[in-house]
Amino acid sequence: MKFIDEYQDNKLAQGLARKIAKRSTKTIRLMEFCGGHTHAILRYGIRQLVPKTIELRSGPGCPVCVTATADLDKAIALAKLPGVAITTFGDMIRVPGSYSSLQKAKAEGADVRIVYSTIDAVEIAKANPGKSVIFIGIGFETTAPTIAASILKAQQEKIENFYVLSLNKLTPPVMKALLDSGEIKLDGIIGPGHVSVIIGSHPYEFIPRDYGVACVISGFEPLDILLCIDKLVEQIEKGEPKVEIAYPRGVKPEGNRKAWQLMEDVFEIDEANWRGIGIVPQSGLKIRRKYERFDADKAFSVSLKPPREPKGCRCGDVIRGAATPLECKLFRKVCTPERPVGPCMVSSEGACAAYYQYGTTENLQDF
Amino acid sequence: MYYGLTWAKIRETMCLAIPVKIVSIDGDEAETEIAGVRRRVSIALTPEAKLGDYVLLHTGYAIGVIDEAEAEETLKLLEELASLSEVH
């Protein structure tokens, strides 16, 4: 497949890995922000290809994982309201909330439907005028414009039973929060490729400027990631951190202006609650007043008990990069994809799911 | 399929965006193709997309048009970097 196969060439990967090994003299720690990168890194054995002195640490870039338990509880409570149909991306339904999950609510009779796209959610609303159809709006900047587009479509087509629970989150503010906390020391960040298709590279400028940390935006094929690591190592070795794009076939410095425009029209920036991190100022998207009739937060009210985190689950630490899944006592013993305790094991972008899927007893020690 | 995934699996992988080729355009929708599989997608976020372009498909929307010249450049750079490691 074009733009995929040519970036998976094994010989080039070996050559690039040798190049990285030659360049690299320092012991460094890089964080891949995006869960998609974590999966690609483990799937293609990139940790085994690069020198052991380069540590790759998984970050908070998994939309399902970072959804706070309190927000998940709200989604579940909404599902239980009479006349409501919940539409959501697949991973969300299996994540355990404090007292239930969307899947359990569905088993108990709630109308919960998995959709691939917000387009499907709007269609469901159209086809079911007697129901209030709520889309659980999770995701980063990659997904937020598609949610904005669904609200605009519902407005245009006068669909009055479509709502969005906006739990969208923004990438640069949480990177800032992690760097500010100083909990883990980072030398470089593998920037999220598809978030950056939308936002471009400029919003990351503060990372090298204020924190002296290198930042290179990467694609998702193995050669893309190796090229990104090579550029990060080069910057770190020279002591010249900056923002670079190692995925120029997808990412332009200015991003996708049209998508930005839609996002800005529909949403305003607000604080957001992140699992494992807490409230991060200016890191979320709230539906603007002019579209408030689509805002599930305004249209419905539910009473919630205080959230409870799953006992022993270190998802929060894994999200911050403060622990690897291997440091969690539940990993592979109690917590498995069949019986996940926390969202990092549920989501196809979660770090625990990646370690579980690609790790064997032999190679896990290298992770 | 990409990553050995089926559409069912792609549905679950929300941050994934895959390159698909535009084979026809109808307003702000387009028919796209990857590995013989066709799918109708929204091009509302990429009004500049043209017939024959490859776009990055994410949850039913094209979120960006692939820059083919840049793709070529990256491949050249990769080959250069990989071969440099053999010579020196």
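Analysis parameters
Sequence order sets the numbering: in each chain, residues are counted from 1 along the sequence as written. All chains are assigned letters beginning with A, and all ligands numbers beginning with 1, in the order in which they are written. Residue-level local features of this predicted model are given only where pLDDT is at least 70; pairs of side-chain atoms are given and counted only at 80 or more, and the full residue set underlies all totals for whole chains, interfaces and linings. Where helices and strands are cited, they refer to DSSP runs of H or I of at least four residues and of E of at least two residues respectively, numbered from the N terminus. Here the globule rule reads 2.2 Å times residues to the power 0.38, and the radius of gyration is calculated from C-alpha atoms. Exposure classification rests on a simple neighbour count of other C-beta atoms within 10 Å of a residue's own: a residue reaching 20 or more is buried, one at 12 or fewer is exposed, and one in between is partly exposed. C-beta atoms are placed from the backbone. Once C-beta atoms are placed from the backbone, any two residues with those atoms within 7 Å are in contact. For two strands to be treated as a pair, DSSP must find no fewer than two bridges joining them. Seen with its strands pointing away from the viewer, a crossover is right-handed when the path leading from the first strand over the helix to the second is clockwise. Interaxial angles span 0 to 180 degrees and are taken between N-to-C directions of axes, which are lines fitted to C-alpha atoms, for helices over the stretch in contact. Here the limits of each domain have been adopted from an automatic or database domain assignment. Any residue that is not Ala, Val, Leu, Ile, Met, Phe, Trp, Tyr, Cys, Pro, Asp, Glu, Lys or Arg is counted as polar, Gly included; the first ten are nonpolar and the last four charged. If an angle is under 35 degrees, it is roughly parallel; if it is over 145, roughly antiparallel; if it lies from 65 to 115, roughly perpendicular; otherwise it is oblique. In this scheme, a crossing is called left-handed if the near helix is turned counterclockwise away from the far one by less than a right angle; it is called right-handed if the turn is clockwise. Across the chain, each position has a pLDDT score giving the predictor's confidence in that residue, from 0 to 100.

## A word on the overall build of chain A
Within chain A, the regular secondary structure consists of 17 helices and 11 strands. Taking 21 Å as the expected radius of gyration for a compact globule of 367 residues, we find that chain A reaches 21 Å, a close match to that expectation. Projected onto its principal axes, the C-alpha positions of chain A cover 65 × 45 × 40 Å. Within chain A, buried positions represent 57% of all 367 residues. Considering only contacts within chain A whose residues lie at least 6 apart along the sequence, 77% involve residues at least 24 apart.

## Regarding the pairing of strand β4 (residues 111-114) of chain A
All names here are of chain A. Direction of pairing for strand β3 (residues 84-88) relative to β4: parallel, over a ladder of four bridges. Residue pairing for β4: Ile 86 is matched across the bridge by Val 112. Handedness of the crossover joining β3 and β4 through helix α6 (residues 102-107): right-handed.

## Brief notes about the environment of Lys80(A)
Residues and elements named next belong to chain A. Mapping Lys 80 onto the fold places it in the loop between α5 (69-79) and β3. When the 14 C-beta atoms within 10 Å are taken as the criterion, Lys 80 is described as partly exposed. Remark: the alpha-carbon pair of Lys 80 and Met 263, spanning 183 residues in sequence, is separated by 29 Å. Among all residues touching Lys 80, those that are not within four sequence positions of it are Ala 105 and Ala 110.

## Remarks on the sheet that holds strand β5 (residues 132-137) of chain A
Residues and elements named next belong to chain A. Spatial strand order, β4-β3-β5-β6: four strands in an open sheet with parallel pairing. Of all the strands in the sheet, just β4 and β6 (162-166) have a single pairing partner and so form its edges. Going from strand to strand, the sheet's axes swing by 25 degrees on average, the running direction of each strand aside. Against the sheet, α5 contacts β3, β4, β5 and β6, and its axis sits at roughly 140 degrees relative to β3. Helix α7 (residues 118-127) rests against β3, β4, β5 and β6 of the sheet, and its axis sits at about 165 degrees to β5.

## Considering the sheet that holds strand β7 (residues 188-191) of chain A
Sheet strands pair by backbone hydrogen bonding; their relative direction is either parallel or antiparallel. Residue and element names in this part refer to chain A. Strand order in this open sheet of five strands is β2-β1-β7-β8-β9, and the pairing throughout is parallel. Strands at the two margins of the open sheet, each flanked by one partner only, are β2 (54-61) and β9 (243-245). Put simply, the sheet's adjacent strands are angled 20 degrees from each other on average, direction ignored. Relative to β2, strand β1 (residues 28-34) runs parallel, the two sharing six bridges. Bridge pairing in β2 links Arg 29 to Glu 55.

## Describing the domain arrangement of chain A
All names here are of chain A. If you check the domain split of chain A, you get domain 1 (5-62 + 171-245), domain 2 (65-170 + 257-299) and domain 3 (315-366). Using C-alpha coordinates to define each centre, domain 2 is positioned 26 Å away from domain 3. When grouped by side-chain class, the residues that make up the side of domain 2 that touches domain 3 number five nonpolar, two polar and three charged.

## What about the interface of chain B and chain A?
Counting from both sides, the interface comprises 38 residues of chain B and, opposite them, 43 residues of chain A. Counting residues per element, the ones that place at least two in the side of chain B that touches chain A are α1 (7-12), β4 (54-58), β5 (61-65) and α2 (68-87) of chain B. Sorting elements by how many residues they give to the side of chain B that touches chain A places α2(B) first, with 12 residues.

## Remarks on the packing of helix α1 (residues 10-23) of chain A against helix α12 (residues 222-238) of chain A
Residue and element names in this part refer to chain A. Two elements in contact, α1 and α12, have axes whose closest approach is 10 Å; the angle formed by their N-to-C orientations is 15 degrees. Between α1 and α12, the interaxial angle falls into the category roughly parallel. Seen from above, α1 lies across α12 with left-handed handedness. Side by side, α1 and α12 meet where Leu 12, Ala 13, Leu 16, Ala 17, Lys 19, Ile 20 and Arg 23 of the first sit next to Pro 222, Leu 223, Leu 226, Leu 227, Ile 229, Asp 230, Val 233, Glu 234 and Glu 237 of the second. Residue composition of the contact of α1 with α12, grouped by class: 11 nonpolar, no polar and five charged.

## Quick look at the pairing of β5(A)
All names here are of chain A. The buried count for β5 comes to six of six residues, which makes it a mostly enclosed element. Every second residue of β5 is oriented toward a common face, with Ser 132, Ile 134 and Ile 136 on one face and Val 133, Phe 135 and Gly 137 on the other, all of them buried. Bridge count for β3 against β5 is four bridges, and the pairing is parallel. In the strand pairing of β5, Val 84 is matched with Ser 132. One ladder, built from five bridges, connects β5 with β6; its direction is parallel.

## Let's talk about the confidence of the model for chain B
Low pLDDT means the predicted atomic positions in that stretch should not be read closely. All names here are of chain B. When pLDDT is averaged along chain B, the result is 84, and 80% of the positions lie at 70 or above. Mean pLDDT values for the elements of chain B range from 44 in α1 up to 97 in β5. Of the regions scoring below 50 in pLDDT, residues 1-12 engages in 12 contacts with residues more than four places distant in sequence or in other chains. Here the prediction assigns the complex a pTM of 0.94, and the interface score ipTM is 0.94.

## Some remarks on the packing of α7(A) against helix α8 (residues 144-156) of chain A
All names here are of chain A. It is at 9 Å that the axes of α7 and α8 come closest, and there the two elements cross at 25 degrees. The angle between the axes of α7 and α8 places the two elements in the roughly parallel class. In this structure, the crossing between α7 and α8 has a hand that is right-handed. Taken together, the residues of α8 that come into contact with α7 (itself represented by Thr 118, Ile 119, Ala 121, Val 122 and Ala 125) are Thr 146, Ile 147, Ala 149, Ser 150, Lys 153 and Ala 154. Here the contact of α7 with α8 is built from residues that sort into seven nonpolar, three polar and one charged.

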